[in-house]
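For reference, the chains in residue letters:
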Amino acid sequence: MTDQLPARSRIVHDSLRAAGITGDIVVLPDAASTAPLAAAALGVEVGAIANSLVFWSDGDPLLVMTSGAHRVDTTALAAR
């Protein structure tokens, strides 16, 4: 099954396994650009979806991960 994953997804899969984390990577047939769309495609609640957002902070990328049921307060984030 992992041989059917895109190359970058295989890297993530292998890293997770090496860390002892189990589970499956699911590649959706269509783009899911929002947490509600991803939740609907997977048949789960929006809160079960993780959003990963990348912002630029002082010239460096900053990864923010949050539940799909929450929104990032970008003003508060920028103040930090």
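Residues numbered from 1 in each chain as written. Predicted model: local features only at pLDDT ≥ 70, side-chain atom pairs only at ≥ 80, totals over all residues. Heavy atoms only, no water.

So, about helix H2 (residues 35-42). Among the residues of H2, those classed as buried are Ala35, Ala38 and Ala39. The buried residues of H2 occupy one face: seen down the axis, they fall within an arc of 100°. Between a side-chain oxygen at the N-terminus of H2 and the backbone nitrogen of Leu37 the separation is 3.2 Å; the capping residue is Thr34. Among the residues trailing H2, Gly43 stands out with phi positive, at a value near 70°. (Buried < 20%, exposed > 50% of the residue type's maximum accessible area, 1.4 Å probe, protein only. Helix = DSSP H or I, 4+ residues; strand = E, 2+ residues; numbered from the N terminus. Arc of directions from axis to C-beta. Polar contact = N/O pair within 3.5 Å; in protein donor to acceptor, adjacent residues only side chain to side chain.)

Before going further, it helps to spend a moment on unusual backbone geometry. Positive phi outside glycine occurs at Asp58, with the angle close to 55°. Since its relative accessible area comes to 80%, Asp58 is described here as exposed.

Bridge count for strand S1 (residues 50-57) against strand S2 (residues 60-67) is eight bridges, and the pairing is antiparallel. Following the sheet pairing, Ala50 is matched in S2 by Ser67. Connecting S1 to the antiparallel partner S2 that follows it, the hairpin turn spans two residues, and Asp58 within it adopts a positive phi of roughly 55°. (Pairing = 2+ DSSP bridges.)

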